[in-house]
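What follows is each chain in one-letter form.
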Amino acid sequence: MVVLILGSGGREHALAWKISQSDKLTKLFVGPGNAGTSQVADNVSLDAGNFKAVASFCLDNEVNILIPGSEAPLVDGIVDYFEGHSELNHIYIFGPNKACAELEGSKEFAKVFMQDANIPTAAYRSFGPDTIEEAYDFLADLNPPYVLKADGLAAGKGVVILDEIEEAKATLRDMLLDEKFGNAGARVVIEEFLDGIEFSVFAITDGENYALLPEAKDYKRIGEGDTGLNTGGMGAVSPVPFVDATLMEKVRSRIVQPTFDQLRKRDMKYVGFVFFGLISVNGDPFVIEYNCRMGDPETEVVIPRLKSDLLELVALSRNNRLNEASIRFDQRSCTTVFAVSGGYPGSYPKGKMMNIPQLDDVMYFHAGTKSEGNDVLTSGGRVIAASAFGENMSDALRSSYSGVEAVQFEGKYFRRDIGQDLMANNGNS
Ligand code: AMP
Ligand code: GLY
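Now for a description of the structure that goes with this document. (Residues numbered from 1 in each chain as written. Chains lettered and ligands numbered in written order. Predicted model: local features only at pLDDT ≥ 70, side-chain atom pairs only at ≥ 80, totals over all residues. Heavy atoms only, no water.)

## Side note on the overall build of the protein chain
Logical step 1: Looking only at helices and strands, the protein chain features 13 helices and 20 strands.
Logical step 2: Radius of gyration (C-alpha) of the protein chain: 21 Å, near the 22 Å computed for a compact globule of 429 residues.
Logical step 3: Overall size of the protein chain, expressed as C-alpha extent along the three principal axes, is 60 × 50 × 45 Å.
Logical step 4: The proportion of buried residues among the 429 residues of the protein chain is 57%.
Logical step 5: Taking all contacts inside the protein chain whose residues are at least 6 apart in sequence as the whole, residues at least 24 apart take part in 69%.
Logical step 6: The protein chain carries 40 positive and 61 negative side-chain charges, and their two centres are separated by 2 Å. (Helix = DSSP H or I, 4+ residues; strand = E, 2+ residues; numbered from the N terminus. Rg over C-alpha atoms; globule rule 2.2 N^0.38 Å. Buried < 20%, exposed > 50% of the residue type's maximum accessible area, 1.4 Å probe, protein only. Contact = heavy atoms within 4.5 Å. Lys, Arg positive; Asp, Glu negative; His and termini not counted. Charge placed at Lys NZ, Arg CZ, Asp CG, Glu CD.)

## Notes on unusual backbone geometry
Logical step 1: In this structure, the amide linkage connecting Pro144 to the following residue, Pro145, adopts the cis form with an omega of -5°.
Logical step 2: Relative to the helices and strands, Pro145 resides in the loop between α7 (132-141) and β7 (146-150).
Logical step 3: In this structure, Glu62 is a non-glycine residue whose phi angle is positive, near 50°.
Logical step 4: Here Glu62 falls in the exposed class, since its relative accessible area comes to 62%.
Logical step 5: Unlike most non-glycine residues, Asp226 shows phi in positive territory, near 55°.
Logical step 6: Here Asp226 shows up in the loop between β11 (210-223) and β12 (227-238).
Logical step 7: The exposure class of Asp226 is partly exposed, given its relative accessible area of 35%.

## Details of the sheet that holds strand β3 (residues 42-43)
Logical step 1: In spatial order, the strands read β3-β2-β1-β4-β5; together these five strands make up an open sheet with parallel pairing. Of all the strands in the sheet, just β3 and β5 (92-93) have a single pairing partner and so form its edges.
Logical step 2: Both strand β4 (residues 65-68) and β5 contribute to a ladder of two bridges, which runs parallel. When the sheet's bridge partners are listed, Ile65 is paired in β5 with Tyr92.
Logical step 3: Helix α1 (residues 10-19) rests against β1 (2-7), β2 (27-32) and β4 of the sheet, and its axis sits at about 165° to β1. (Pairing = 2+ DSSP bridges. Axes fitted to C-alpha atoms, helices over the stretch in contact; angles between N-to-C directions.)

## Section: the site of ligand 2
Logical step 1: Neighbouring residues of ligand 2: Asp218, Phe275, Asn291, Arg293, Gly295, Asp296, Pro297 and Glu298.
Logical step 2: Measuring from a nitrogen atom of ligand 2, one finds a side-chain N or O atom of Asp218 at 2.7 Å.
Logical step 3: One nitrogen or oxygen atom from the main chain of Asp296 is found 2.9 Å from a nitrogen atom belonging to ligand 2.
Logical step 4: The protein chains hide 84% of the 200 Å² of surface that ligand 2 would expose on its own.
Logical step 5: When the residues that make up the shell around ligand 2 are grouped by side-chain class, the tally is two nonpolar, two polar and four charged. (Near = heavy atom within 4 Å. Polar contact = N/O pair within 3.5 Å; in protein donor to acceptor, adjacent residues only side chain to side chain. Areas by Shrake-Rupley, 256 points an atom, 1.4 Å probe, with all protein chains shown as cover. Nonpolar A, V, L, I, M, F, W, Y, C, P; charged D, E, K, R; others polar.)

## Overview of the site of ligand 1
Logical step 1: Contacts to ligand 1 come from 14 residues, most closely from Glu191, Glu192, Leu194, Glu198 and Glu289.
Logical step 2: Here Glu191 contributes a side-chain N or O atom positioned 2.7 Å from a nitrogen atom of ligand 1.
Logical step 3: At a separation of 2.8 Å, a nitrogen atom of ligand 1 approaches a polar backbone atom of Leu194.
Logical step 4: Relative to its free-state accessible area of 470 Å², ligand 1 is covered by the protein chains to the extent of 86%.
Logical step 5: Breaking the shell around ligand 1 down by element, the ones donating at least two residues are β7, β8 (159-162) and β14 (284-291).
Logical step 6: Its residues assigned to classes, the shell around ligand 1 shows seven nonpolar, no polar and seven charged.

## A few points about the pattern of salt bridges
Logical step 1: Counted under the stated rule, the structure contains 23 salt bridges.
Logical step 2: The shortest N-O distance in the salt bridge between Lys27 and Asp42 comes to 2.8 Å. Of this pair, Lys27 sits in strand β2 while Asp42 sits in strand β3, and the two are 15 residues apart along the sequence.
Logical step 3: The class for Lys27 is partly exposed, based on a relative accessible area of 33%.
Logical step 4: The exposure class of Asp42 is partly exposed, given its relative accessible area of 36%. (Salt bridge = Lys/Arg side-chain N within 4 Å of Asp/Glu carboxyl O.)

Okay, structure coming up:
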């Protein structure tokens, strides 16, 4: 099979690394990729948003399977575009069509979907510019903090959490009336604040069958102790010590199964990865959000734990035969720690020369890197992730940290506390 993965981050490197190991693979392309993906695939200069260019590349290079890494092309309808052109129909996209991707593309759609299926999620209402007065009243009835979400995709910047009601009202005005959040702000979901601990659960589905992948927890803030600005992810662990069999069973019966039942009920043939962004509130799981793709940096710990051939799973999925797959996982712990450019998530320099050693127990997944001749240079905020296995989380973290310490580039920063909060709760994990 000839495969094209779209994207250029750590998630795409991890997916490419895994698929490159498949004996079903004839040729692997990543567009546009990074210095890491070029070690396991051919990088091609492609913009995932330019469907026409992606399509003609697929035709010219006899691509059979297309895997979009991020949500944007899915929410924008790359699947529908390929389905709408007869010459592209033989290409299988492992990702949801536009209607299904609305689970991530519209917060309001996701909320209505969950409500219809009785899936636990924060109580909410949604408002537009014409109902701003009602929105003020709704805010007044809620206890702080106040959670405001721009309806559409906003590249992770659409959620604002505020302690003061006056601040919340002002932000709401900005979102609804000043279109501060672009088109995404045309409607705003206001919801109840859930106080708990977050984790992520992933499934793959062919539209009829699904299988769960290992769960993970990511660390979003730039600063230790989960302080400072949000980032694209500073580290992740899998499994998650507090996600025990009891909690996982609640996730299955209250969230995962009802989600797939509701998709079927609505005649939505969802193909690809489903990412359940969850929060455990006193041991009960609630959905914070759905994403229509894998997580980053979660992929960098979940995919290494997948022992089965990912490309074979995709191929089975193409024939609606995912139920025949035997999916096996490494029972060990996998962790990842990101090295980022100093200054990120604010402004930061690029083009710094990197030195990346070969370490037996570390899998480096590149994110913001590029090759120049024989050199590897930084080219983004999140630069490289050091993933590693261990018999338990502490052992895995020890190796991840040796990996992140060993990578060199000027201005390197990383959080030193990935996983620490979980150890405090679970002494020996
Ligand atoms: P989202 O884009 O919906 O995932 O929201 C971004 C982040 O905001 C989440 O990862 C949570 O940390 C936080 N968040 C969103 N909704 C809530 C909520 N209802 N209660 C508490 N935290 C939330
Ligand atoms: N790690 C969160 C995300 O991928 O959205």
